[in-house]
Amino acid sequence: MSIVDVYSRLPAGLREMLANIYARRLHRKRFGGEFGKLLEFLEYSQDWSRERLMIFQLERLREVITNSYENVPHFRKLFRDIDLRPSDVTSLEILKEIPIMTKEMIKSDPRSFISENIRSIKTIKDFSSGTTGTKLEFFLPLSLYRLNFAALWRFYSWAGVHLGEKRVTLGARVIGERPPYWIYNKSEHQLLLSIHHLNFNTISSYIEKLTEFEPVFIQGHPTGIEILADEMLRRREQLKAKAVFTTGETLSDTGRDKIENAFGCKVFESYGVSECVVAAFECEKHNGLHEALEYGITELESSGEEGFYSVIGTSLWNNAMPFIRYKIEDLVVPCEKTSCSCGRTLPLLIRKVIGRIDDVVYDSEGNPVLPVTIRMHLKPFLKPFQNYQLVQLNRLEFEFRCTSSDNDQKKAFDKLLKRLLGNNIVLRVSEVAEIEKSGGKVRNVINITGKPS
Ligand SMILES: [Zn+2]
């Protein structure tokens, strides 16, 4: 029995106590040390002129390249091969001379991407799931991890929300297999609702809890928040919040409308990746997502499909495992103009994120199972670079396709998916050479039958 299973079976009070001990540690990790200074810096730098921001980027880029040249085997060799020295970094244009860095390159020789002086840097290890199901391990300096939270809180302030205000997070964390499916995190005044247990049987208790908690703002995956909004609109109920922040999945136009109506406020979308190379946020004018220039350098490169661009990111803060011209494998639609009526100098970058374009599927009893739930449960079973696709063909019939799988793994997928979708489903697990793309993206969860009536 895993530690998660043991935790899931504990009584609610004990779960909340343990979760709060964990949350206090997490709070210190996120908001301790230099967090305050970083937030102050970002609040100050957002008023800089574009020229000053560019000078800042150039200075940081020179540091990143110097460190990579001196301490990171992959870049040391690469820079020698292309004859690039730190002293050549006199303009941001120099980036174009550096070849793109891909996940496959890291996978083939991960150690060569790690700085030889990593022991002298306080780091955290993290994994990215990637929108293509690709799993990658990487290191972030603790200071960058904190900068990421500072950037997030600056974004929240654009919507008039401030640090420490009461919030609800509809998230993918493990909260337990028994009700209540939420935990109150005292150190952040945060009510954490489990996205995995949101279904037609539990939705009333979720709405009751939300109403009783009276959050100032709500954050989470749009597919989950949309389900809550849908039900509230059906009941003609409204819960007044200051803002709803979505991330991690593509927000549809209808989803945005429903959420704005149910919560009587605007939705603010953001885009980022766990590797912390790019950050973009929607402001109160809702003209698109502004690029956080202090955070990284983002390039958009034509994907080969008209109108869609690939995101290439360079972190300006990672000296433990530098990401320089790193291909993120997400597609976006860029903004036509970079200036925004809000007056911020941070340029408008992204009009639409074509991140995860997955569907909600329904279990054998007709309860919605969100794509994030499928992703989180499959993640531990996936091998590096393995990809998958779950298709709901009709009410009880599903097909699960995966690349490079063996029989034991197929059995594990079968067991897991039946646990999530019902033992009486008809499930075909098959191996395919490649998962077909549509609209430039791999869709991991597809529902071709729609919502059960
Ligand atoms: Zn703006």
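From a predicted model like this one, the values you see are computed outputs, not experimental measurements. Residue positions within a chain follow its written sequence, with the count starting from 1. Local features in this predicted model are restricted to residues whose pLDDT is 70 or higher, and side-chain atom pairs enter the listing and the counts only when it is 80 or higher, whereas totals over whole chains, interfaces and linings include all residues. Side-chain figures throughout are based on the complete set of non-hydrogen atoms in the structure, without hydrogens or water.

(A) Representation of the environment of Gln386. Where helices and strands are cited, they refer to DSSP runs of H or I of at least four residues and of E of at least two residues respectively, numbered from the N terminus. Mapped onto the fold, Gln386 is located in the loop between α11 (371-378) and β17 (388-392). Taking the C-alpha atoms as reference points, Gln386 and Cys402, 16 residues apart in sequence, are found 7.2 Å from one another.

(B) View of the nonpolar core. Only buried Ala, Val, Leu, Ile, Met, Phe, Trp, Tyr and Cys residues count toward a nonpolar core, and they belong to the same one when joined by side-chain atoms within 4.5 Å. Each residue's exposure class comes from its accessible area (1.4 Å probe, protein chains only) as a fraction of the maximum for that residue type: buried when under 20%, exposed when over 50%, partly exposed otherwise. With 84 residues, the main nonpolar core has Phe79, Phe245 and Tyr271 as its most contacted residues. Take this core: its biggest share by element is 11 residues, from helix α7 (residues 142-158). Whether two residues are in contact is decided by their heavy atoms, any of which lying within 4.5 Å being enough. Residues within four places of Phe79 in sequence aside, it is in contact with Ile65, Ser68, Tyr69, Leu84, Ile98 and Ile324. Membership of the second largest hydrophobic core comes to 33 residues, among which are Leu193, Ile203, Leu210 and Ile259.

(C) Fine view of the domain arrangement of the protein. Residue ranges labeled as domains rest on an automatic or database domain assignment. Domain boundaries assigned for the protein yield domain 1 (32-165 + 216-354) and domain 2 (361-447). Between domain 1 and domain 2, the C-alpha centre-to-centre distance is 29 Å.

(D) Here's a closer look at the coordination of the zinc ion. Looking at the zinc ion, the protein donor atoms are Cys283 (SG), His290 (NE2), Cys340 (SG) and Cys342 (SG), and they sit 2.1 to 2.3 Å from it. Around the zinc ion sit four donor atoms; with metal-centred angles ranging over 104 to 116°, the donor geometry is tetrahedral. Because water is not among the atoms used, a metal site may look incomplete, as its donors are only the N, O and S atoms within 2.8 Å, or 3.2 Å for Na, K and Ca. Donor residues for the zinc ion sit on one chain with the sequence pattern C-x6-H-x49-C-x1-C. Each member of the pair, Cys340 as well as Cys342, is classed as buried. Key to geometry: four donors with every angle between 85 and 135 degrees are tetrahedral; four donors are square planar and six octahedral where opposite donors lie over 155 degrees apart and all remaining angles lie between 65 and 115; all other sites are irregular.

(E) Representation of a positive patch on the surface within the structure. Like charges within 9 Å and nonpolar side chains (Val, Leu, Ile, Met, Phe, Trp, Tyr) within 5 Å are joined into patches, using only residues over 30% in relative accessible area that form no salt bridge. To be clear on the numbers: accessible area is Shrake-Rupley with a 1.4 Å probe, and residue cover counts the displayed protein chains and nothing else. Here a salt bridge means any side-chain nitrogen of Lys or Arg lying within 4 Å of a carboxyl oxygen belonging to Asp or Glu. When charges are tallied, Lys and Arg are placed among the positive residues and Asp and Glu among the negative ones, while His and the ends of the chain are skipped. Where a charge sits is defined by one atom per residue type, namely NZ (Lys), CZ (Arg), CG (Asp) or CD (Glu). Among the surface-exposed residues, Arg24, Arg25, Arg28, Lys29 and Lys186 lie close enough to one another that they form a single positively charged patch. Relative to the helices and strands, Arg24 is located in helix α2 (residues 12-31).

(F) Region of interest: the packing of aromatic side chains. Only centres within 6.5 Å qualify two rings of Phe, Tyr or Trp (six-membered ring in Trp) as a pair; their planes then separate them into stacked at under 30 degrees, edge-to-face at over 60, and tilted for everything else. Scanning the model with the defined rule gives 29 aromatic pairs in all. When the ring of Phe31 is compared with that of Phe35, the centres are 4.8 Å apart and the planes differ by 90°; the resulting orientation is edge-to-face. A residue is classified by how much of its surface remains accessible, and Phe31, at 17% relative accessible area, is buried. Here Phe35 falls in the buried class, since its relative accessible area comes to 3%.

(G) Structural detail: the packing of helix α3 (residues 35-45) against α7. A fitted line through C-alpha atoms represents every axis, and for helices the fit uses only the stretch in contact; the resulting angles, taken between N-to-C directions, go from 0 to 180 degrees. At a minimum axis distance of 9 Å, the contact between α3 and α7 shows a crossing angle of 50°. Taken together, the axis directions place α3 and α7 in an arrangement best described as oblique. α7 is crossed by α3, and the crossing has right-handed handedness. Counting all contacts with α3, which are made through Phe35, Leu38, Leu39, Leu42, Glu43 and Ser45, the residues of α7 involved are Ser143, Arg146, Leu147, Phe149, Ala150, Ala151, Trp153 and Arg154. Residue composition of the contact of α3 with α7, grouped by class: nine nonpolar, two polar and three charged. For classification purposes, angles smaller than 35 degrees are called roughly parallel, those larger than 145 roughly antiparallel, those between 65 and 115 roughly perpendicular, and all remaining angles oblique. Crossing handedness: left-handed means the near helix sits turned counterclockwise from the far one by under a right angle, and right-handed means the same turn made clockwise. Only Asp, Glu, Lys and Arg are considered charged in this grouping, and only Ala, Val, Leu, Ile, Met, Phe, Trp, Tyr, Cys and Pro are considered nonpolar; every other residue, Gly among them, is considered polar.

(H) Quick peek at the sheet that holds strand β8 (residues 266-272). With mixed pairing, 12 strands are arranged side by side in an open sheet as β4-β5-β3-β6-β7-β8-β9-β10-β14-β13-β12-β11. Because the sheet does not close on itself, it has two edges, and the strands there are β4 (182-185) and β11 (296-302). Between one strand axis and the next, the sheet turns by 30° as a mean value, whatever way the strands run. Pairs of strands are assigned from DSSP output, requiring at least two bridges between the strands. Note: strand β6 (residues 217-220) against strand β7 (residues 243-246), four bridges, orientation parallel. Note on β7: the bridge partner recorded for Gly220 is Thr246. Sitting on the sheet, α7 is in contact with β3 (167-171), β6, β7, β8, β9 (279-282), β10 (289-291) and β12 (309-315), with an inclination near 15° to β9. Sitting on the sheet, helix α8 (residues 203-213) touches β3, β4, β5 (190-194) and β6, and the angle it makes with β5 is about 175°.

(I) Highlighting α2. If you check α2, its first and last C-alpha atoms are 27 Å apart, about what 20 residues at 1.5 Å a residue would give, namely 28 Å. Among the residues of α2, Arg15, Ala19, Asn20, Ala23, Leu26, Arg30 and Phe31 are the ones counted as buried. The buried residues of α2 all sit within an arc of 135° when viewed along its axis, so they share a single face. Along α2, exposed side chains directed more than 90 degrees from the buried face belong to Arg25 and Arg28. What a helix should span is 1.5 Å times the count of its residues minus one. It is the directions from the helix axis to the C-beta atoms that the arc portrays.

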